[in-house]
Amino acid sequence: MAMGLDIVIDGDASANNAGFIPPLTDSLEYWNFFGGTEAANRNLAPGKSNGTLVGAPVANAHSHLFRQGVNYIRTGVPETYEMTFVAIAKSRRTVADSQAGDEYIISNYQASGGPDASNTGSSLMFRNRTAGTNTYQQAMLTTTNSGVQTRSVPADIDLSPAMLIGQHTLATKTIKVSATAGNLSGAFTDATIYRSGAFNIGSLGATTPVLTVDLEIYFAAIFSKYLSTTEITTLQTYLRSYYGRYIATPL
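Residues numbered from 1 in each chain as written. Predicted model: local features only at pLDDT ≥ 70, side-chain atom pairs only at ≥ 80, totals over all residues. Heavy atoms only, no water.

With that settled, the discussion passes to the overall build of the protein chain. Along the protein chain, the regular secondary structure elements total one helix and 15 strands. Counting every position in the protein chain, which comprises 251 residues, the buried fraction comes to 53%. If you take every contact in the protein chain between residues at least 6 apart in sequence, the share linking residues at least 24 apart comes to 64%. In the structure as shown, the protein chain presents an accessible area of about 10000 Å², 52% of it carried by carbon and sulfur atoms. (Helix = DSSP H or I, 4+ residues; strand = E, 2+ residues; numbered from the N terminus. Buried < 20%, exposed > 50% of the residue type's maximum accessible area, 1.4 Å probe, protein only. Contact = heavy atoms within 4.5 Å. Areas by Shrake-Rupley, 256 points an atom, 1.4 Å probe, with all protein chains shown as cover.)

Okay, structure coming up:
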């Protein structure tokens, strides 16, 4: 399905979601606009269950603040061999704290209950780019199988809110990630995909270590398919139009 319908009050689907239909629904497992007074654990994907809220993420007008191992959402969405992860997020690190550590936006790394093996998983995340005071970081999709093979695809971004899309498919052993302004990394084509447990928003699958910084997430969606280029363009167009009213930096 390539069109979206939102029946909302004052044009804010995050606060008023009666009749909301996402612009893509095929294989959509999770969709949420964060922020405002709505429950952070809701799931706007048609026919899907809400997530489970752990802790108490702080709500802003159009985002929530999550912290690894403290405040996050258990989506209950299992990993398949074909996945697409979409997020709009912003690192909370600063010039003084540029090496704040990994920030997991959507992740099931080391989650229990995976059908293939332990110590596996996939993560859409921010990672430190270089040592020192460099405030840039990498938007990255990482897949790990049994702690043996890790495939990470990075794209450099700054500390502004960023739209991130990560994908993996076993069919062609490919993982890739794109970030704000069309920055597209090279894709690995020798990645072995192992399925871990269900995905979290704002934390990796295991809840340790606990980080000391918050991660700001505006939007997250999970699809159990490898979206086509046309479908990704549909999503990007929709999200840029919607969040253009609330985020000054172009996505």
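That covers the picture; the talk isn't over yet.
Let us look at the environment of R67. Mapping R67 onto the fold places it in the loop between β4 (64-66) and β5 (72-74). A C-alpha to C-alpha distance of 7.5 Å links R67 and T212, two positions 145 residues apart in sequence. Here D214 takes part through its side chain, which lies 3.0 Å from a polar atom of the side chain of R67. (Polar contact = N/O pair within 3.5 Å; in protein donor to acceptor, adjacent residues only side chain to side chain.)

This part is about the nonpolar core. Membership of the largest hydrophobic core comes to 28 residues, with the highest contact counts inside it found for I105, I106, I201 and I222. Where this core is concerned, the elements lending two or more residues are β6 (82-91), β7 (103-107), β8 (121-128), β9 (137-145), β11 (162-169), β12 (174-179) and β15 (215-223). Among the nonpolar cores identified, the runner-up in size contains 24 residues, and W31, I232, Y238 and I247 belong to it. (Core = buried A, V, L, I, M, F, W, Y, C linked by side-chain atoms within 4.5 Å.)

A few words on unusual backbone geometry. You will see that S27, though not glycine, has its phi angle at about 60°, which is positive. Classification of S27 as partly exposed rests on a relative accessible area of 26%.

With 15 residues, helix α1 (residues 229-243) extends 21 Å from end C-alpha to end C-alpha; this agrees with the ideal 21 Å at 1.5 Å per step. For α1, the complete set of buried residues consists of E231, I232, L235, Q236, Y238, L239, Y242 and Y243. Along the axis of α1, the buried residues cluster in a sector spanning 170°; they form a single face. Turned more than 90 degrees away from the buried face of α1 sit T229, T230, T237 and S241, all of them exposed. Buried positions along α1 lie against β1 (28-33), β6, β11, β12 and β15. (Expected span 1.5 Å × (residues − 1). Arc of directions from axis to C-beta.)

The next point concerns the pairing of β6. Burial of β6 is extensive: eight of the 10 residues sit out of reach of the surface. With eight bridges joining them, β6 and β11 adopt antiparallel strand pairing. If you follow M83 over to β11, its bridge partner there is H168. Across eight bridges, β6 lies against β15 in antiparallel orientation. Among the inter-strand pairings, V86 is bridged to a residue of β15, identified as A221. (Pairing = 2+ DSSP bridges.)

For the rest of this paragraph, the subject is the packing of aromatic side chains. The tally for this structure, following the rule as stated, stands at 14 aromatic pairs. When the centroid spacing of 6.4 Å and the interplanar angle of 80° are considered together, the rings of Y218 and Y243 count as edge-to-face. With Y218 in strand β15 and Y243 in helix α1, this pair connects stretches of sequence that are 25 residues apart. A relative accessible area of 10% places Y218 in the buried class. Residue Y243 is classed as buried on the basis of its relative accessible area of 1%. (Phe/Tyr/Trp six-rings, centres within 6.5 Å; stacked < 30°, edge-to-face > 60°.)

This brings us to the pattern of salt bridges. Opposite charge on two side chains permits them to pair, given that their charged atoms come into close proximity. The final tally for this structure, using the stated rule, is five salt bridges. Residue K225 pairs with D26 through a salt bridge whose shortest N-O separation is 3.0 Å. On the criterion of sequence distance, the pair formed by K225 in the loop between β15 and α1 and D26 in the segment before β1 is long-range, its members being 199 residues apart. Given the relative accessible area of 41%, D26 is considered partly exposed. For E231, the salt bridge is made with K225, and the minimal N-O distance between the two is 3.0 Å. (Salt bridge = Lys/Arg side-chain N within 4 Å of Asp/Glu carboxyl O.)

Summarising the element assignment, R42 is placed in the loop between β1 and β2 (52-54). When the C-alpha positions of R42 and I73 are compared, they lie 9.6 Å apart, and in sequence the two are 31 residues distant. Reaching out from R42, the side chain makes a polar contact with the backbone oxygen of F33 at a distance of 2.9 Å.

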